[in-house]
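Per-entry structural report
Here's the letter readout for the chains.
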Amino acid sequence: LRANFSVIQRDTGFINGLIVVLHDVTEEEKIEADRREFVSNVSHELRTPLTTMRSYLEALSDGALHDKELAPHFLNVTQNETERMIRLVNDLLKLSKMDSKDYEMNKTWVDFVSFFSSIIDRFEMAKDRNVSFRRQLPDKVIFVEIDEDKLTQVLDNIISNALKYSPEGGQITFKLKELDDKIEVSVRDQGLGIPKENIEKVFDRFYRVDKARTRRLGGTGLGLAIAKEMIAAHGGHIWARSVEGKGTAIIFTLPYDPEQKDDWS
Ligand code: ADP
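As a starting point, this report considers the structure included with it. (Residues numbered from 1 in each chain as written. Predicted model: local features only at pLDDT ≥ 70, side-chain atom pairs only at ≥ 80, totals over all residues. Heavy atoms only, no water.)

**Focus: the packing of aromatic side chains**
Per the counting criterion, the structure on display carries six aromatic pairs. Ring centres of Tyr 56 and Phe 74 lie 5.0 Å apart, and the angle between their planes is 85°; on these two criteria the pair is classed as edge-to-face. Of this pair, Tyr 56 sits in helix 1 (residues 25-61) while Phe 74 sits in helix 2 (residues 70-99), and the two are 18 residues apart along the sequence. For the pair Phe 116 and Phe 174, a centre-to-centre distance of 6.0 Å together with 75° between the ring planes defines the contact as edge-to-face. Taken together, the positions of Phe 116 in helix 3 (residues 112-126) and Phe 174 in strand 6 (residues 171-178) put the pair 58 residues apart, joining distant regions of the chain. The same class applies to Phe 116 as to Phe 174, namely buried. Members of the aromatic cluster, each reached through a chain of ring pairs, are Phe 112, Phe 115, Phe 116, Phe 133 and Phe 174. Across the ring face of Phe 38, the terminal group of Arg 205 is positioned such that the distance to the ring centre comes to 5.8 Å. (Phe/Tyr/Trp six-rings, centres within 6.5 Å; stacked < 30°, edge-to-face > 60°. Helix = DSSP H or I, 4+ residues; strand = E, 2+ residues; numbered from the N terminus. Buried < 20%, exposed > 50% of the residue type's maximum accessible area, 1.4 Å probe, protein only. Lys NZ or Arg CZ within 6 Å of the ring centre and 35° of its normal.)

**Section: the pairing of strand 8 (residues 238-243)**
Alignment of strand 8 against strand 9 (residues 247-255), held across six bridges, turns out to be antiparallel. Each bridged residue has a counterpart across the sheet, and for Arg 241 the counterpart in strand 9 is Ala 249. Linking strand 8 to strand 9, which pair antiparallel, is a turn of three residues; within it Gly 245 sits at a positive phi near 85°. (Pairing = 2+ DSSP bridges.)

**Points about the site of the ligand**
Residues in close proximity to the ligand total 19 residues, the closest being Asn 161, Asp 189, Thr 220, Gly 221 and Leu 224. Relative to its unbound accessible area of 530 Å², the ligand is 97% covered by the protein chains. Considering only residue class, the shell around the ligand consists of eight nonpolar, eight polar and three charged. (Near = heavy atom within 4 Å. Areas by Shrake-Rupley, 256 points an atom, 1.4 Å probe, with all protein chains shown as cover. Nonpolar A, V, L, I, M, F, W, Y, C, P; charged D, E, K, R; others polar.)

**Structural notes on the nonpolar core**
Core analysis: the biggest nonpolar cluster contains 48 residues, and Phe 112, Phe 116, Leu 151, Leu 155, Ile 183, Phe 252 and Leu 254 have the highest contact counts within it. Residues in contact with Phe 112, not counting those within four places in the same chain, are Ile 142, Val 144, Ile 146, Leu 151, Leu 155, Leu 176, Ile 183, Val 185, Phe 252 and Leu 254. (Core = buried A, V, L, I, M, F, W, Y, C linked by side-chain atoms within 4.5 Å. Contact = heavy atoms within 4.5 Å.)

**A short note on the packing of helix 1 against helix 2**
Packing of helix 1 against helix 2 brings their axes to within 9 Å, and their N-to-C directions diverge by 160°. As the angle between them shows, helix 1 and helix 2 are arranged roughly antiparallel. You can see that helix 1 and helix 2 cross each other, and the crossing is left-handed. Only Ala 71, Phe 74, Leu 75, Val 77, Thr 78, Glu 81, Thr 82, Arg 84, Met 85, Leu 88, Val 89 and Leu 92 of helix 2 make contact with helix 1, whose side of the interface consists of Phe 38, Val 42, Glu 45, Leu 46, Pro 49, Leu 50, Thr 52, Met 53, Tyr 56, Leu 57, Ala 59 and Leu 60. In the contact of helix 1 with helix 2, the residues fall into 18 nonpolar, three polar and three charged. (Axes fitted to C-alpha atoms, helices over the stretch in contact; angles between N-to-C directions. Parallel < 35°, antiparallel > 145°, perpendicular 65-115°, else oblique. Left-handed = near helix turned anticlockwise from the far one by under 90°.)

**Quick word on the environment of Asn 41**
Mapped onto the secondary structure, Asn 41 falls in helix 1. Here the alpha-carbon distance between Asn 41 and Gly 17, two residues 24 residues apart in the chain, equals 48 Å.

**Describing the sheet that holds strand 4 (residues 132-136)**
Across the sheet, five strands lie side by side as 4-6-7-9-8; this open sheet has mixed pairing. The open sheet has two edge strands, strand 4 and strand 8, and neither has a second partner. If you compare each strand with its neighbour and ignore which way they point, the axes differ by 15° on average. Judged from the eight bridges that link them, strand 7 (residues 182-189) and strand 9 form a sheet pairing that is antiparallel. Paired with Val 187 across the strands is Ile 250, a residue of strand 9. Lying over the sheet, helix 3 contacts strand 4, strand 6, strand 7 and strand 9, oriented at roughly 175° with respect to strand 4. Docked against the sheet, helix 6 (residues 223-233) engages strand 8 and strand 9, running at close to 20° with respect to strand 9.

**Things to note about unusual backbone geometry**
Positive phi outside glycine occurs at Lys 101, with the angle close to 60°. If you trace the backbone, Lys 101 turns up in the loop between helix 2 and strand 3 (107-111). The class of Lys 101 is exposed, set by a relative accessible area of 63%. Here Phe 206, not a glycine, exhibits a phi torsion of approximately 70°, which is positive. Among the secondary structure elements, Phe 206 is positioned in the loop between strand 7 and helix 5 (211-216). According to the relative accessible area criterion, Phe 206 is buried, its value standing at 2%.

Rendered as structure tokens:
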């Protein structure tokens, strides 16, 4: 705590008051430390792909360019690193927009059951791994007021993680539950899980349980941080449940009014 004192003095010279303003310096210092850590993380995240690209480009110009086997491989590496940097910068821009509140919520009433289903369909069509999908969705419509683009982003991030961390032959379960005043959405996989002590940290920016491994899988470390901001902007909550070696579930809620009547009737 930092204290600022102001003395209230009359013309006569008598002191008849004292104002003490207390500042929570620890909070300010924490914000400053977080900011410094964030900048250092961003620099580091960009430096890694850039130095990789530099060495591959150097090798290419030192002769590998004329090697029929090496050249396509080296070019492929630089392409992948470029893609990852683009993803990283796009994710950073999304977060910075959310931070500065410089975004609009384009909320519309959406049947969440068909919205969720169509996103699952898209992943099911595109998946190139032996992972099966199981859906536990209510057999009815559930209208929720959401920003579709933002919720699509949230589900994309969660589902691509579930696929990324699923074992060969694993199953992903998609569930949607209607509770009193909210809906609960969960995506559960049978992957390696997250150690208990890290379970809350996975929503922090740049936090990864295993840095080298997830970088190799192409992650930016920002997916769940973005999801958290977007769910908060909807007035919901997001958390993870996991048993190491057994799997992970990412669960979020969205406010929902079951009494909501169709205005068109
Ligand atoms: P990344 O781009 O690295 O996947 P995220 O913010 O999406 O970043 O996730 C942060 C970290 O949380 C991941 O690096 C990974 O360690 C862990 N994680 C997220 N989802 C899962 C999952 N389904 N199973 C296991 N670990 C996960």
